[in-house]
Amino acid sequence: MSDEKNTALEWISLNKDRCIKISDTLWEFAELGLVEFKSSTLLADELEKHGFKVDRGIAGMPTAFVATWGEGKPVVGVMGEYDALPGISQKKLPSKEPLEAGKAGHGCGHNIHGTSGLVAAEAVKTAMEMHKIEGTIKFFGCPAEENFSGKVFMVREGFFDDIDAVISHHPGDMNAVDLRSSLALNSAKFHFWGNASHAGGSPEQGRSALDAVELMNTGVNFLREHMIQDARIHYVIEKGGDQPNVVPAYARSWYYVRAPEREQLEFIYNWILDIAKGAAMMTRTEGKTEFLEGIYDLIPNRSISNLVVKNMREIGLPEYDAEDLQFAREIAKTIPKDTKVSQLRKSKRPGWERLLDRLIDDEIPEPWGEGETIHGSTDVADVSWQVPTVEFNTATWILGTPAHSWQAVAQSGVGIGHKSLIFSAKTMATTVLELLVKKAYLEKAQKEQKERIKGKKYQSPIPKDQKPPLTAWE
Ligand SMILES: [Zn+2]
């Protein structure tokens, strides 16, 4: 281990309790996307206290910020997310019990996501200072990953231009550097307006907006037969009228459309727009599309992924105490065997069957999944089109824990989560330092990036005049 890496690791070990406290405080705040006011302030204040220059409220989002230390090239960034999920409140217990019924909870472990990056950035700064390392370290405070894709706005405003590499960590049930891509996504609402009338007395006066929603859904469901295998379309009907004896004058559906590449996505999305028009025409209603969110597919980076795995192995896996293992065993009782099998199989990790009778991931596998795609989406993808980017996982939850579950909320606030936080912060700090110090690593990552996006072009998936939906929760 090099001197600068040792400095960073020692700093993290010394500051362990403070770091865990920050993560637990974010866990308690559990704020929703774009209103993470207390969470973003806590992180930004911490960085400012440690000598970073902080720009707050960037890219039109009061809870987005970027913290910078150092100057000149290379510039390496770490990202942190801190938004929670609605309705998933849970106590730090191995049985389902909300902390406050109906409230938000950190079901994706973003309390750890936000803190691991912050700790890594501070440790890197400490090592840079002590060993006179040239370059710049940046922490990107990224709001609203779960629903409004804050990073896409930050990318559109140029905050990731001129950055040489970006790393972030995401909680998971495995220690994993997955090379799979993710699906591009569009999210949109379809509004229809018709005429209200007495459904029994004067149906001929009525034009049903609900009919339009239903016919649109029917059309889209027929479209499914003619789309590529890996595409996904899901919808909900948000508004479908008030009572049966009134012809619904207004109805609304909300769609997510996903596909492996942006071009494939746009083909399907445009077809859906035609279907919506057709539904309005058929029902003699007025239709309007409200575009909400667009995301690209993820560009992986094998060079940085290899570096992450190398550092994970040098640091070594966390050790769990009796209390951690007891909690883990209790949680395991609440996760059905078939859920665990499905989770592990879906990971496509080579030899996943081996993990079936293990409680916590005790391996650090080689990066895997090149050329494959997961069927979710993330706004990390839009960053990955600008700069070589890697987001890795560490075992924050026991094997088989589904993300966005009460089990994930509980574990993100206790021992296993804390250990994952420290392990991931150390992994990130050492990887960033290597990218700053060893030119060849960075050059290799950038060469790979160029090859991966050769002949392709990134164009912001959100319209020029679209602003972040700051009042979405009101
Ligand atoms: Zn997440």
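Rules used in this analysis
- Residues numbered from 1 in each chain as written.
- Predicted model: local features only at pLDDT ≥ 70, side-chain atom pairs only at ≥ 80, totals over all residues.
- Heavy atoms only, no water.
- Axes fitted to C-alpha atoms, helices over the stretch in contact; angles between N-to-C directions.
- Helix = DSSP H or I, 4+ residues; strand = E, 2+ residues; numbered from the N terminus.
- Parallel < 35°, antiparallel > 145°, perpendicular 65-115°, else oblique.
- Left-handed = near helix turned anticlockwise from the far one by under 90°.
- Contact = heavy atoms within 4.5 Å.
- Donors = N, O, S within 2.8 Å, 3.2 Å for Na, K, Ca; no water.
- Buried < 20%, exposed > 50% of the residue type's maximum accessible area, 1.4 Å probe, protein only.
- Pairing = 2+ DSSP bridges.
- Salt bridge = Lys/Arg side-chain N within 4 Å of Asp/Glu carboxyl O.

Q: Mind showing me how you'd approach the packing of helix α2 (residues 16-29) against helix α13 (residues 415-437) here?
A: Think of two packed helices as two axes; the pair is described by the angle between the axes and how far apart they sit. Contact geometry of α2 with α13 gives a least axis separation of 10 Å together with a crossing angle of 120°. Put simply, α2 runs oblique to α13. Crossing of α2 over α13 shows right-handed handedness. In this structure, α2 contributes Lys-16, Cys-19, Ile-20, Ser-23 and Asp-24 to the contact, and α13 contributes His-418, Leu-421 and Ile-422.

Q: Just to check I follow, could you spell out the coordination of the zinc ion for this structure?
A: Each pair of donors in an ideal four-coordinate tetrahedral metal site encloses 109.5 degrees, whereas pairs in an ideal six-coordinate octahedral site enclose 90 or 180 degrees. For the zinc ion, the protein coordination sphere consists of Cys-108 (SG), His-110 (NE2) and His-170 (NE2), at 2.1 to 2.3 Å. One chain supplies every donor to the zinc ion, and in sequence these donors are spaced C-x1-H-x59-H. In this structure His-110 comes out as buried when scored by relative accessible area, which is 0%.

Q: Help me out: how do you make sense of the sheet that holds strand β9 (residues 286-295) in this one?
A: Strand pairing in a sheet relies on backbone hydrogen bonds. The paired strands run either parallel or antiparallel. Strand order in the open sheet formed by 4 strands is β7-β8-β6-β9, with antiparallel pairing between adjacent strands. Sheet topology places β7 (232-239) and β9 at the edges, where each strand pairs with a single neighbour. On average, adjacent strands in this sheet sit at an angle of 15° to one another, irrespective of strand direction. For β7 and strand β8 (residues 250-259), the ladder comprises 7 bridges, and the chain directions are antiparallel. Bridge pairing links His-234 to Tyr-256 in β8. Across the sheet, helix α6 (residues 209-223) touches β6 (184-193), β7 and β8, and the angle it forms with β8 is around 20°. Helix α7 (residues 262-283) contacts β6, β7, β8 and β9 of the sheet and is inclined by roughly 5° relative to β6.

Q: For this particular structure, what's the right way to read the sheet that holds strand β10 (residues 389-395)?
A: Across the sheet, 6 strands lie side by side as β1-β2-β4-β3-β5-β10; this open sheet has mixed pairing. The sheet is open, and its two edges are formed by β1 (53-56) and β10, each paired on a single side. Taken pair by pair, the neighbouring strands of this sheet meet at an average axis angle of 20°, ignoring direction. Where β1 and strand β2 (residues 65-71) come together, 4 bridges link them in antiparallel fashion. Looking across to β2, one finds that Val-54 is bridged to Ala-67. Helix α3 (residues 37-49) contacts β1, β2 and β4 (135-142) of the sheet and is inclined by roughly 155° relative to β1.

Q: What is the right way to read the side chain of Asn-301 from this model?
A: Inspection of the secondary structure assignment puts Asn-301 in the loop between β9 and α8 (302-315). A relative accessible area of 1% means that Asn-301 is categorised as buried.

Q: I tried to follow the environment of Leu-34 on my own but got confused; where do I start?
A: Secondary-structure assignment places Leu-34 in the loop between α2 and α3. Classification of Leu-34 as buried rests on a relative accessible area of 3%. Taking the C-alpha atoms as reference points, Leu-34 and Leu-325, separated by 291 residues in sequence, lie 36 Å from one another. Once residues lying within four places of it in the same chain are set aside, the contact partners of Leu-34 are Met-61, Thr-63, Pro-143, Ala-144, Phe-148, Pro-468, Pro-469 and Leu-470.

Q: Help me understand the pattern of salt bridges, please; the structure alone is not making it clear to me.
A: Side chains that differ in charge, positive against negative, can pair when their charged atoms come close. Applying the stated criterion across every chain yields a total of 39 salt bridges. For the salt bridge of Lys-151 with Asp-379, the shortest nitrogen-to-oxygen distance reads 2.6 Å. With Lys-151 in helix α5 (residues 150-156) and Asp-379 in the loop between α10 (337-347) and α11 (380-384), the pair connects residues that are 228 residues apart, well separated along the chain. With a relative accessible area of 0%, Asp-379 lands in the buried category. Asp-321 is the salt-bridge partner of Lys-419, the closest N and O atoms lying 3.6 Å from each other. Of this pair, Lys-419 sits in helix α13 while Asp-321 is found in the loop between α8 and α9 (322-332), placing the two residues 98 residues apart along the sequence. The class for Lys-419 is partly exposed, based on a relative accessible area of 24%.

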